[in-house]
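What follows is each chain in one-letter form.
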Amino acid sequence: MRHLLIAAFTSLLSFTAAAQRPAPDQQNRTLDTAREIAIHYTSKLPDFICSENVIRTTGVLNKIAEDRLIIQLSFNGQKEHYKLITINGNPTQDRLDSLDGMITGGEFGSLLLGVFDPSSAAAFQWKNSSTLRKRRAAVYTYRIAREHSHYMVGRRDASGQFLSAPAGYHGEVYLDGDTSRVLRLTAEADDIPKSSGILQSSFDVDYDFVEVAGKPYLLPSRSEAHMEHSQRRIGNAVTFTGYRKFETDSSIDF
């Protein structure tokens, strides 16, 4: 299984509608459908390309720095491939993993699979009914213990070696009222190993229907991540735009 990974290189770091609680068997059917969709999510996606527009913030001793990245993301062979295009509007040949600061991933299947895979032994509980982007949604909370978790947190040490460890986590899933597909997923780490050096870590992602090659697919529209390490706080806000069919010569033009 691919792990959801939230890493910082070099130094780390609805309106609620009243509704009756569904019967237990209905809750189980909803979650079973959501699990089946999540497990096979990436295998049902077409090959595509899109743009990640990233705003990164870093706070150290009450000073906040910000930079902006554009990343070309191509999805083919059920795998994600990233290419850094610009830094603060300037074209660059730098590799994405060469940058200091937070790098996030997992929006295209890993986060969903980490929550719904049976090996995670997630404990779900119905919370309420809601409306999200004009769609009816059932909201469930979940919790996953560290020993079953695929939520990895970590940092690079002074020698440049990346150190990571799983943390327990909990959050909420918004399931579409008609299809049981995930419309929003939140995750917040708990039971974080002290050896990781991470004090706080959270992640959330919204999914929306996007047309690719003439067909609608539920794909990430935005994500946000936060992490705290010692006296440093890091944040990432990502919007996904320009979805289109992947071709061998696909690229992002400016």
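Scroll up to find the structure.
Notes on the structure follow. (Residues numbered from 1 in each chain as written. Predicted model: local features only at pLDDT ≥ 70, side-chain atom pairs only at ≥ 80, totals over all residues. Heavy atoms only, no water.)

## Here's the deal with the overall build of the protein
Working step 1: Helix and strand content of the protein: two helices and 16 strands.
Working step 2: Going through the 254 residues of the protein one by one, you find that 48% of them count as buried.
Working step 3: A total of about 12,900 Å² of accessible surface is found on the protein, and carbon and sulfur atoms cover 49% of it. (Helix = DSSP H or I, 4+ residues; strand = E, 2+ residues; numbered from the N terminus. Buried < 20%, exposed > 50% of the residue type's maximum accessible area, 1.4 Å probe, protein only. Areas by Shrake-Rupley, 256 points an atom, 1.4 Å probe, with all protein chains shown as cover.)

## Observations concerning the nonpolar core
Working step 1: Core analysis: the largest hydrophobic core is formed by 58 residues, its most contacted members being Phe 48, Phe 116, Tyr 142, Leu 185 and Leu 219.
Working step 2: Looking at this core, the element that brings in the most residues is strand β9 (residues 135-144), giving six residues. (Core = buried A, V, L, I, M, F, W, Y, C linked by side-chain atoms within 4.5 Å.)

## Details of the pattern of salt bridges
Working step 1: All told, the structure shown has 17 salt bridges when counted by the stated rule.
Working step 2: Close ionic contact of Arg 133 with Asp 206 constitutes a salt bridge, the shortest N to O distance being 2.9 Å. On the criterion of sequence distance, the pair formed by Arg 133 in the loop between β8 (123-132) and β9 and Asp 206 in strand β14 (residues 200-212) is long-range, its members being 73 residues apart.
Working step 3: You can call Arg 133 partly exposed: its relative accessible area is 34%.
Working step 4: With relative accessibility at 2%, the residue Asp 206 sits in the buried group.
Working step 5: Measuring nitrogen to oxygen at the nearest pair gives 3.6 Å for the salt bridge that ties Asp 208 to Arg 133. (Salt bridge = Lys/Arg side-chain N within 4 Å of Asp/Glu carboxyl O.)

## Brief notes about helix α1 (residues 24-39)
Working step 1: Between its first and last C-alpha, α1 extends 22 Å over 16 residues, near the 22 Å set by a 1.5 Å rise per residue.
Working step 2: Of all the positions in α1, only Gln 27, Thr 30, Leu 31, Ala 34 and Ala 38 are classed as buried. In a view along the axis of α1, the buried residues occupy a sector of 95°, so they form one face of it.
Working step 3: The elements touched by buried residues of α1 are α2 (110-116), β8, β9 and β12 (168-176). (Expected span 1.5 Å × (residues − 1). Arc of directions from axis to C-beta. Contact = heavy atoms within 4.5 Å.)

## Considering the pairing of strand β5 (residues 79-87)
Working step 1: With eight bridges joining them, strand β4 (residues 63-76) and β5 adopt antiparallel strand pairing. If you follow Ile 70 over to β5, its bridge partner there is Thr 86.
Working step 2: Taking the residues that link successive antiparallel strands as the turn, the β4-β5 hairpin has two residues, and the phi of Gly 77 there is positive, at about 65°.
Working step 3: The pairing of β5 with strand β6 (residues 90-91) spans two bridges and is antiparallel. By the bridge assignment, Thr 86 is partnered in β6 with Pro 91. (Pairing = 2+ DSSP bridges.)

## What to know about the pairing of strand β15 (residues 215-229)
Working step 1: As paired strands, β14 and β15 are joined by 13 bridges and run antiparallel to one another. Its bridge partner lying in β15, Ser 201 is registered against Met 227.
Working step 2: Once β14 ends, the chain turns through two residues before running back antiparallel as β15, passing Ala 213 with a positive phi of about 55°.
Working step 3: Of the strand pairs in this sheet, β15 and strand β16 (residues 232-245) are connected by eight bridges, and their pairing is antiparallel. Residue pairing for β16: Arg 222 is matched across the bridge by Thr 239.

## A word on the packing of aromatic side chains
Working step 1: Summed over the entire model, instances satisfying the criterion amount to nine aromatic pairs.
Working step 2: Between the aromatic rings of Tyr 142 and Tyr 169, the centroid separation amounts to 5.9 Å while the plane-to-plane angle is 80°, which identifies the pairing as edge-to-face. Remark: Tyr 169 occurs in strand β12 and Tyr 142 occurs in strand β9; sequence separation between them is 27 residues.
Working step 3: By relative accessible area, which is 2% here, Tyr 169 ends up buried.
Working step 4: The interplanar angle of 40° and the centroid separation of 4.9 Å between the aromatic rings of Tyr 151 and Tyr 169 together place this pair among those described as tilted. One end of the pair, Tyr 151, is in strand β10 (residues 151-156); the other, Tyr 169, is in strand β12, with 18 residues separating them in the sequence. In this pair, the class of Tyr 151 matches that of Tyr 169, namely buried.
Working step 5: Three or more aromatic residues joined by ring pairs make a cluster, and in this case those are Phe 48, Phe 75, Phe 108, Phe 240 and Tyr 243.
Working step 6: Between the NZ or CZ atom of Arg 184 and the centre of the ring of Tyr 174, over which it lies, the distance is 5.3 Å. (Phe/Tyr/Trp six-rings, centres within 6.5 Å; stacked < 30°, edge-to-face > 60°. Lys NZ or Arg CZ within 6 Å of the ring centre and 35° of its normal.)

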